[in-house]
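Notes for the structure review
Spelled out from the first residue to the last, the chains are:
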Amino acid sequence: VLQLAIVELSGFTHQTTLDFSGYTGSTLNDFPVLIRLDSNIPNFSLKSFKSPMANDLRFFDNLGRELSYEIDLVDHAKGSLAVWVEIPEMSSTTTVSVNWGKASLADKPPVYADDGSAWSNGYRGVWHFRPMNEVGVLTDSSYFRNHALDDFGFTQSDSVVGSGRSLSGGSEKFIRLPSSYSLDSLHEESYSFSAWVRLEEEPESVALDSVFGIGFL
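Reading the values: the criteria
Residues numbered from 1 in each chain as written. Predicted model: local features only at pLDDT ≥ 70, side-chain atom pairs only at ≥ 80, totals over all residues. Heavy atoms only, no water. Helix = DSSP H or I, 4+ residues; strand = E, 2+ residues; numbered from the N terminus. Contact = heavy atoms within 4.5 Å. Areas by Shrake-Rupley, 256 points an atom, 1.4 Å probe, with all protein chains shown as cover. Core = buried A, V, L, I, M, F, W, Y, C linked by side-chain atoms within 4.5 Å. Buried < 20%, exposed > 50% of the residue type's maximum accessible area, 1.4 Å probe, protein only. Phe/Tyr/Trp six-rings, centres within 6.5 Å; stacked < 30°, edge-to-face > 60°. Pairing = 2+ DSSP bridges. Axes fitted to C-alpha atoms, helices over the stretch in contact; angles between N-to-C directions. Polar contact = N/O pair within 3.5 Å; in protein donor to acceptor, adjacent residues only side chain to side chain.

Take the overall build of the protein chain next. If you tally the helices and strands in the protein chain, you get two helices and eight strands. Taken from the N to the C terminus, the helices and strands of the protein chain come in the order β-β-β-β-β-β-β-β-α-α. Considering only residue pairs separated by 6 or more positions, the protein chain has 67% of its internal contacts joining residues 24 or more positions apart. Summing over all exposed atoms, the protein chain offers an accessible surface of approximately 13300 Å²; the carbon and sulfur share of this is 53%.

Another aspect to go through is the nonpolar core. In globular proteins that are soluble, nonpolar side chains generally tend to be buried together. Counting residues in hydrophobic clusters, the biggest one holds 26 residues, and the most contacted among them are L37, L57, F59, Y69 and L81. Only strand 2 (28-37), strand 4 (69-75), strand 5 (80-90) and strand 6 (95-100) provide two or more residues apiece to this core. Counting residues per element, this core draws most heavily on strand 5, which supplies five residues. What L57 contacts, discounting residues up to four positions off in sequence, is L37, F49, Y69, I71, L81, V83, V98, N99 and W100.

A separate point is the packing of aromatic side chains. Following the criterion strictly, the structure yields ten aromatic pairs and no others. Judged by centre distance (5.5 Å) and plane angle (80°), the ring pair of Y69 and Y112 falls under edge-to-face. A residue pair is termed long-range when its members are at least 10 positions apart, and Y69 in strand 4 and Y112 in the loop between strand 6 and strand 7 (154-156) qualify at 43 residues. With a relative accessible area of 1%, Y69 lands in the buried category. For Y112, a relative accessible area of 15% corresponds to the buried category. When the ring of W119 is compared with that of Y123, the centres are 5.3 Å apart and the planes differ by 80°; the resulting orientation is edge-to-face. Ring pairs connect the aromatic residues F44, F49 and W100, which therefore count as one cluster.

Okay, the sheet that holds strand 1 (residues 14-19) next. Strand pairs in the sheet, formed through backbone hydrogen bonds, run parallel or antiparallel to each other. The sheet built from three strands is open, its strands ordered 1-6-3 with antiparallel pairing. Taken across any chain shown, the strands that pair with only one partner, and hence form the sheet edges, are strand 1 and strand 3 (58-61). Shown here is a sheet whose adjacent strand axes are inclined to one another by a mean of 25°, direction ignored. Where strand 3 and strand 6 come together, four bridges link them in antiparallel fashion. Across the sheet, residue R58 finds its bridge partner in strand 6, namely N99.

On to the sheet that holds strand 5, then. Ordered in space as 2-5-4, the three strands form an open sheet in which the pairing is antiparallel. Of all strands in the sheet, those with a lone pairing partner are strand 2 and strand 4, marking the two edges. Mean inter-strand twist for the sheet, computed between neighbouring axes without regard to direction, equals 20°. Taken together, the six bridges between strand 4 and strand 5 define a ladder with antiparallel strand orientation. By the bridge assignment for strand 5, L73 is matched with A82.

Summarising the element assignment, R65 is placed in the loop between strand 3 and strand 4. Between the alpha carbons of R65 and V96 there is a distance of 9.7 Å; along the sequence they are 31 residues apart. When residues no more than four places from it in sequence are discounted, the contact partners of R65 are F59, F60, P88 and E89. Within the local environment of R65, its side chain forms a polar contact with the side chain of E89, the two groups lying 2.7 Å apart.

Everything listed here is a matter of geometry and, on its own, says nothing about what the molecule does.
Here it is as structure tokens:
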């Protein structure tokens, strides 16, 4: 079967190509990859975008398919951009074309950048822990929109990716997820949970470790 893709790249003023030659694992399907764009990328500058929020950003794979993405952070002070891009088939031979600078795309982001398309591979919830001051919840980027609640924590700006959430005080400090049809059935099936967690102090015992785990999860 021969697959043909027609990609219209005219109008983009800037382009760079990224590869995953350093990846040595098996092929991953519909895998969200974190891509950081900054001064280490030749020809990259936030000033070259036609939109201050990078609405004109587009990704294409080596088959010409436009890739869904979600921007995690646009940092004008550091001149950097962090974005999650869903790669249909990620392997060591995969290449991604990054394009920006097209004026006709500047007014608004693509629909897929906000509707959870970058997390289509079975994700029930994706929480980046962005600041709550504008919306009052910790937004879920997945299609299911299982927004989390936190009455005790505060924004931590120097996290692994973008902003994070700082909790302290033991097991009474936690992040709450309201009941929803997409989460309530998880105990009946197989699922995985992953997070970056930094403990400011090492727990004194396994028992305390479990308490910290409950507090952070």
